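Observations on chain architecture
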Amino acid sequence: MQPARPQANTAPPVTVAQIREAIGSLFMLWASTEQEIHRCLAAFGRPDEDLCISHAITRWKSLHTAHARIPAQIDVANRFVARLTAARLLRNGIGHGFAGYSADPSGQGLPVELQYRQGRETVSVPFRQLERSIADLATAGFTLYRLTGAATDPSPHGAEDMVADIAQSLDRTARDHPDTV
């Protein structure tokens, strides 16, 4: 008995143009997220444009934790920073070690992946993970702004509702992109 072969039109097609557009979106959204992180550090009174982005994220998280007024803020910020970190690692991998891709322009159910070199290894990332990182970054600037505002505002009126709304947004993105991080 022969193994089942993928059939045409059984999966949504993913073209090379879509892959290029997604990579471009990742880079553009990441650039605006970096700018917002630096603006938020300034809102905490700790501007430092010279920090590399991983250190800027760590500093933002530390300042946010120190200023948070409700426990849920810290949990939501930790979840958010984990997503930023995943997007940063993907952006850096593609930006510094892009090694190739596979597309499925006919929708045959073939794997659609990006590959990048990390040291001596080649890392394969499913296209759906790239889409998830783009979705996370599409709202990252506003999320940073809101979390920073909740932590720096001396009157916490409405902070609980805002944090709950951000948590729901994070949950919705996770539901919309199953099997991703």
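This text goes with the structure placed above it.
Worth saying up front: this structure is predicted, and the values here are computed from it rather than measured. (Residues numbered from 1 in each chain as written. Predicted model: local features only at pLDDT ≥ 70, side-chain atom pairs only at ≥ 80, totals over all residues. Heavy atoms only, no water.)

**Concerning the sheet that holds strand β1 (residues 98–102)**
We count it as follows: A pair of strands is considered paired only if DSSP assigns at least 2 bridges between the two. Going along the chain from the N terminus, every DSSP run of H or I of four or more residues is numbered as a helix, and every run of E of two or more is numbered as a strand. Every angle, taken between N-to-C directions, lies between 0 and 180 degrees, and every axis is a line fitted to C-alpha atoms, over only the stretch in contact when it is a helix. Contact definition: two residues touch when any of their heavy atoms are within 4.5 Å.
Reading across from one edge, β1-β2-β3 is the order of the three strands in this open sheet, with antiparallel pairing throughout. Each end of this open sheet is capped by a strand with a single partner; those strands are β1 and β3 (121–126). Mean inter-strand twist for the sheet, computed between neighbouring axes without regard to direction, equals 25°. With six bridges joining them, strand β2 (residues 113–118) and β3 adopt antiparallel strand pairing. Counted as the bridge partner of Tyr 116 is Val 123 from β3. This element, helix α3 (residues 71–97), spans β1, β2 and β3 of the sheet and lies at about 75° to β2. On the sheet, helix α4 (residues 127–138) packs against β2 and β3 and is oriented at approximately 70° with respect to β3.

**Comments concerning the pairing of β2**
Bridge analysis of β1 against β2 gives four bridges, and the strand direction is antiparallel. Residue Gly 100 lies in a different strand from β2, and its bridge partner there is Gln 115. The loop that links β2 with its antiparallel partner β3 comprises two residues; one of these, Gly 119, has a positive phi angle of about 65°.

**Focus on the environment of Cys 52**
The residue Cys 52 is located in the loop between α1 (16–43) and α2 (53–67) in this model. Along the primary structure Cys 52 and Ala 72 are separated by 20 residues, whereas in three dimensions their C-alpha atoms are 28 Å apart.

**What to know about α1**
In plain terms, the rule: Helix span, expected: 1.5 Å multiplied by one less than the number of residues in the helix. Exposure categories follow from relative accessible area, calculated using a 1.4 Å probe and restricted to protein chains: below 20% of the type maximum is buried, above 50% is exposed, and the middle band is partly exposed.
Given a rise of 1.5 Å per residue, 28 residues ought to cover 40 Å, and the 41 Å separating the end C-alpha atoms of α1 matches this to within 8%. Inspection of α1 places Ile 19, Ala 22, Ile 23, Leu 26, Trp 30, Thr 33, Glu 36, Ile 37, His 38, Cys 40 and Leu 41 among the buried residues, and these make up the whole buried set. Looking at the buried residues of α1, the elements they touch are α2, α3, β1, β2, α4 and α5 (140–152). Looking one or two places after α1, you find Gly 45, whose phi comes out positive at around 80°.

**With respect to the nonpolar core**
Test applied: To form a nonpolar core, buried Ala, Val, Leu, Ile, Met, Phe, Trp, Tyr and Cys residues must be joined to one another through side-chain atoms within 4.5 Å.
If you look at the biggest cluster of nonpolar residues, it comprises 42 residues, and the most contacted ones within it are Ile 19, Ile 37, Trp 60, Leu 84, Ile 94 and Leu 130. Put simply, the parts of the chain that give this core at least two residues each are α1, α2, α3, β2, α4, α5 and α6 (159–176). What Trp 60 contacts, discounting residues up to four positions off in sequence, is Cys 40, Leu 41, Phe 44, Ala 77, Val 81, Leu 144, Leu 147 and Thr 148.

**Let's talk about the side chain of Arg 146**
The criterion, for reference: Nitrogen and oxygen atoms within 3.5 Å of one another constitute a polar contact, given that in protein one can donate a hydrogen and the other can accept it, and given that sequence-neighbouring residues count only through two side-chain atoms.
Assignment of secondary structure puts Arg 146 in helix α5. With a relative accessible area of 17%, Arg 146 lands in the buried category. Looking at Arg 146, its side chain comes within polar contact range of the side chain of Asp 165, at 2.9 Å. Setting aside residues up to four positions removed in sequence, Arg 146 forms contacts with Met 162, Asp 165 and Ile 166.

**Re unusual backbone geometry**
Residues apart from glycine generally show negative phi values, whereas peptide bonds are mostly found in trans. One non-glycine residue, Asp 179, adopts positive backbone phi at about 65°. By the element assignment, Asp 179 lies in the segment after α6.

**A short note on the packing of aromatic side chains**
Applicable threshold: In this scheme Phe, Tyr and Trp rings, the latter by its six-membered ring, pair at centre separations within 6.5 Å, and the angle between planes marks the pair as stacked below 30 degrees, edge-to-face above 60, and tilted otherwise.
Across all of its chains, the model carries two aromatic pairs by this definition. Ring centres of Trp 60 and Phe 80 lie 6.4 Å apart, and the angle between their planes is 75°; this geometry places the pair in the edge-to-face category. Residue Trp 60 is found in helix α2, and its partner Phe 80 is found in helix α3; the two are separated by 20 residues along the sequence. There is no split in this pair, since Trp 60 and Phe 80 are both buried. Relative to Tyr 145, the ring of Phe 142 has its centre 6.3 Å away and its plane inclined at 15°; by these criteria the two rings are stacked. Of this pair, Phe 142 and Tyr 145 both sit in helix α5, three residues apart, which is roughly one turn of that helix. With relative accessibility at 53%, the residue Phe 142 sits in the exposed group. Classification of Tyr 145 as exposed rests on a relative accessible area of 53%.

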